[in-house]
Amino acid sequence: MEHKTEQSLLSPETMENIHHCNKCGLCMAACPVYKELLLEPASPRGKVQLSRHLLQGDLELSPRVKEILSQCLLCGSCVAACPSGVQGDRLFSGFRWRVTRRYGVDWKKRILFQLLAHPWLTAGSARLGRWAKDILGKKLQAGIKAGNLPLDRIPPFNQQPFSHQAPEVMNPEGEIRARVFYFHGCATNYLFDRVGHAVLSVLSKMGIQVITPKKQGCCGVPMFLSGAREESLACISEVLKTFASQEVDAVVVDCATCGSAFVREYPHMLGELRSLGEDVSGELIQAAQLLSQKTRDVTAFIGDHMSWLPEMTQAGPLIKVTYHDPCHLLKAQGIGILPRKVLAGLPNVEFVEMEAADACCGGGGSFQVEHPEISAGITSKKIQNVQATGANVVATGCPGCRITIGAHLDPELEIGVLHPVELIELAIKAQTGSAP
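Below, the structure is looked at part by part.

Analysis parameters
- Residues numbered from 1 in each chain as written.
- Predicted model: local features only at pLDDT ≥ 70, side-chain atom pairs only at ≥ 80, totals over all residues.
- Heavy atoms only, no water.
- Core = buried A, V, L, I, M, F, W, Y, C linked by side-chain atoms within 4.5 Å.
- Buried < 20%, exposed > 50% of the residue type's maximum accessible area, 1.4 Å probe, protein only.
- Helix = DSSP H or I, 4+ residues; strand = E, 2+ residues; numbered from the N terminus.
- Contact = heavy atoms within 4.5 Å.
- Axes fitted to C-alpha atoms, helices over the stretch in contact; angles between N-to-C directions.
- Parallel < 35°, antiparallel > 145°, perpendicular 65-115°, else oblique.
- Left-handed = near helix turned anticlockwise from the far one by under 90°.
- Nonpolar A, V, L, I, M, F, W, Y, C, P; charged D, E, K, R; others polar.

Some points on the nonpolar core
Item 1. Core analysis: the biggest nonpolar cluster contains 60 residues, and Leu203, Ile208, Ile302 and Leu423 have the highest contact counts within it.
Item 2. Examining the composition of this core, we find that six residues originate from one element, helix H12 (residues 193–205), more than from any other.
Item 3. Excluding anything up to four places from it in sequence, Ile302 contacts Val202, Leu203, Met206, Leu309, Val421 and Ile424.
Item 4. Residues Met15, Trp97, Leu225 and Leu276 belong to the second largest nonpolar core, which totals 53 residues.

Here we look at the environment of His371
Item 1. Turning to its location among the elements, His371 is positioned in the loop between helix H20 (367–370) and helix H21 (372–388).
Item 2. When the C-alpha atoms of His371 and Gln71 are compared, they prove to be 7.5 Å apart, with 300 residues separating the residues in sequence.

Side note on the packing of helix H7 (residues 88–103) against helix H15 (residues 256–275)
Item 1. For the pair H7 and H15, interaxial distance at closest approach is 13 Å and the crossing angle is 50°. Between H7 and H15, the angle falls in the class oblique. When you trace H7 past H15, the crossing you get is right-handed. Note on element contacts: H15 touches H7 through Arg264, Glu265, His268 and Leu273, opposite Asp89, Arg90 and Trp97.
Item 2. Residue composition of the contact of H7 with H15, grouped by class: two nonpolar, one polar and four charged.

Laid out in C-alpha cells, this is it:
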C-alpha cells in the first residue's frame, strides 16, 4: 500500500474535533490518566492541543509526543464528559495511526496482532500457553508480571476453544420467541468458556434460538485502536461477512469491547478509511451499519426481555453482588441501568453499589503492559472500592476488566469476578437444585 502524507491520515470529521474543544477542562476531572499523573500533557485537553500543533506543523511527531499519545486508555471518559462533543478517543486513535506510520508497530504488538488476525494461530498459542502454565506451576509463576498483571493470577486457557464446544445451532424447548447470532469473541473462546455456556443456557431458557457460527475470529478493534488499521481490516471484513444479516432478530455479544466495536466503531472506522481513499466499499459500510443496528450486549438483551426468563424464587443463600461498569459498555454503548436491573432482579442476589462503579479499572488492553505504574494507581482505587462493599462477587461484562480486577483483588477475601450472565444462570439452576 502506498504511504500517504501524514496530513491525509485524519479525515475532516476527525480533525474537526480539534476546533470544537473550548479548553474548559471538564474532561480532566473524568480522565483516569490525568487524575493519576496530574500533568496537563496527560489530560485529554492537553492531547487535543498537542494534536492541533501537530496538524499546524509547528510540532514534530517525536518520540516524546508518541509517548504522550500512548498515555491514554481510550476509555471514552473524556467523550462522555465533554459538553462540546469532542470525540477525543477517535482523534487520539487517529494520531496513533500516524505514529505507527512513522515508527512502526512495536514487535510485541505485531506478534499479538498476527495471532488475533489468524484464529488457527491463536488456538495453537492457547494450547502452548496452557502447556507452559502447567509446566511452570503456580510457585514458579509467583512474582512474574506481564506489565501490571501478576502471571499466576491470569486465568488459565480453556481446555479447548469454546467454538469447538458450542453447538452451531441451539434450539430452545417449546416456542421460539427470537433468533439471534452469538458473537463470543476471543476471551470467551480461549479463556472464559463458562461465560459462553451460560449465554447459551440462559438464552435457550428464554425461548431463543442461538446460532453460534463456527468461523469467527477477532473483532479487529484492538489492532485498530493501537493504530494498526490496515491489519484490522481483514478481521472486520470477516465479521461483517458472517454477522451482518437481516435474517436474525439480533446479534448478541458477551464482550463490552466487541459490542462497542459493532455498535459504534465499525461504521465510523470504515467511513473514515473510505474518505481517506482506502479500499473500503460502500457495501462494506452498509453491512457495518446493519450490524450496528442489530447488535445488543447480552446482558442488555436479557434486560430488554426480562419477562421471557423462567419464574425464579429465592433458593439457597443470598450472594452479595456489586457491579463494575466497563467503559466500552457504559460510555460507548450507554448501557448501565439494565445490568443493574437484571442483577437486582435475581432472587438469590443482594445487590450493592460500589463507589465510582463507572470509573475505569486501569486495564485498557495493552495499557497495563505499556504503562504499568499508571495502570497500577488506577486499578488500586477500583480494588479498594470493590473490597469496601463487602461483596462476594463483582460482576462485569468485559473480559479485560475481569482479568484486571481479578488479578488484583486480595485473595484472602475470596471475592469472585463473574459475567452477569453467569449469575443469571446460577439463579435459574438454583430453582432445580442443579447449581454448583
